[in-house]
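# Remarks on the overall topology
These are the residues of each chain, in order.
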Amino acid sequence: MKYTGPIYRPPIEANTVLLQVTVGCAHNRCRFCTMYKDTKFTTESLEQIEKDLREARQLYGDLKRIFLINGDAFVLSANRLKLIAGMIINYFPGMEVISMYASIRNIMAKTDRELKELRDLRIGDLWVGLESGSDEALQQFNKGFTLSDSREQLERLNRAGIKHNAIFMLGALGRGRALEGAEDSVKLINGSRPQLVGITPLGLFPGSELADDVQKGKFSPASEREILEEERRMIELIDVDGMPFYGNHPLNTASLVGTLPGDRKRMMRVIDDSIKSMDRELLEGVIPRTRL
């Protein structure tokens, strides 16, 4: 299997076979991110993809799930994704779900008909980096889309029958605005009804534009208390029945996983206990998150 440059995948895809269809990130301009900073975006050849599929078939037999990498593989045109999906199904007839990272911009570039065609080819599970339900934060991060875009495009996925997993960042609005950030994001969650929600604190990675803003006093990061309070408020307000909530990324202050609403009280207690037991100076400060 061929892999080029840094590779990232959601924690719960740890046991999913990874198939490279792009290298790097097509946008690569988010102000908080350095993941693909030194990696030129390219698309993988169909010949190499088929070679990797043959190898995967030999190694793993008939797969039911596969994850396409890299940073925003859904940026590929609908026609190319259909070709790749067809190849995957040819090698793995039992394939149930083709998953990958996607951005709101990627969805915008595809028609309603194309989305439904991709769903029919088993592309039915997209990990979407929404980051925040605040237009201010999206602009600060240079995501390349607005909150209105997020709402519209997620609704298009729902109509097409493509499930999405929503990724959010705690502390996106900075110090003193934790509860505001939680409420903004939950409005988007409750309106778009994702398959699951995954959250992680905002990292200030060396070399990122946002880290430079902190050094210059242009952005004040949220404290650990505020990050925990924001997460607690999100758990309290989310109103999507049977939705998994993942707060177990290595960067998270408190690691927790549950299903809402059933695990709501337990997860809120975990956060409350973390706040009570954490060193006061650490709780009111900012834990360095300089690498994934």
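Higher on the page you've got the structure.
This report concerns the structure included in the present document. (Residues numbered from 1 in each chain as written. Predicted model: local features only at pLDDT ≥ 70, side-chain atom pairs only at ≥ 80, totals over all residues. Heavy atoms only, no water.)

## Some points on the overall build of the protein chain
Secondary structure summary: the protein chain contains 11 helices and 10 strands in total. Taking 292 residues into account, the globule formula puts the C-alpha radius of gyration at 19 Å, and the protein chain, at 19 Å, falls close to it. By principal-axis analysis of the C-alpha atoms, the protein chain measures approximately 55 × 40 × 35 Å. Buried positions account for 51% of the 292 residues belonging to the protein chain. At a minimum sequence separation of 6, the contacts of the protein chain that also span at least 24 residues come to 79%. Per element, the accessible surface of the protein chain, about 13200 Å² overall, is 47% carbon and sulfur. Charge separation in the protein chain, taken as the distance between the mean sites of 41 positive and 41 negative side-chain charges, equals 3 Å. (Helix = DSSP H or I, 4+ residues; strand = E, 2+ residues; numbered from the N terminus. Rg over C-alpha atoms; globule rule 2.2 N^0.38 Å. Buried < 20%, exposed > 50% of the residue type's maximum accessible area, 1.4 Å probe, protein only. Contact = heavy atoms within 4.5 Å. Areas by Shrake-Rupley, 256 points an atom, 1.4 Å probe, with all protein chains shown as cover. Lys, Arg positive; Asp, Glu negative; His and termini not counted. Charge placed at Lys NZ, Arg CZ, Asp CG, Glu CD.)

## A short note on the packing of aromatic side chains
The final tally for this structure, using the stated rule, is 3 aromatic pairs. A ring pair is formed by phenylalanine 67 and tyrosine 101, whose centres lie 5.5 Å apart and whose planes are at 90°; its orientation type is edge-to-face. A residue pair is termed long-range when its members are at least 10 positions apart, and phenylalanine 67 in strand S4 (residues 65-69) and tyrosine 101 in strand S5 (residues 97-102) qualify at 34 residues. Since its relative accessible area comes to 0%, phenylalanine 67 is described here as buried. Given a relative accessible area of 15%, tyrosine 101 falls into the buried group. Across the ring face of phenylalanine 74, the terminal group of lysine 110 is positioned such that the distance to the ring centre comes to 4.4 Å. (Phe/Tyr/Trp six-rings, centres within 6.5 Å; stacked < 30°, edge-to-face > 60°. Lys NZ or Arg CZ within 6 Å of the ring centre and 35° of its normal.)

## Considerations on the environment of glycine 247
Note on placement: glycine 247 falls in strand S9 (residues 243-247). Given the relative accessible area of 0%, glycine 247 is considered buried. With 81 residues separating them in the primary sequence, glycine 247 and alanine 166 have C-alpha atoms 12 Å apart.

## Considering the nonpolar core
Ranked by size, the top nonpolar core spans 66 residues in total, and within it Phe74 and Ile88 carry the most contacts. At 7 residues, helix H2 (residues 78-91) tops the list of elements feeding residues into this core. When residues no more than four places from it in sequence are discounted, the contact partners of phenylalanine 74 are Leu81, Met100, Tyr101, Ala102, Asn106, Ile107, Lys110, Leu115, Leu118, Ile123 and Leu126. Listed in part, the 10 residues of the second largest apolar core include Phe32, Ala137, Met169 and Leu210. (Core = buried A, V, L, I, M, F, W, Y, C linked by side-chain atoms within 4.5 Å.)

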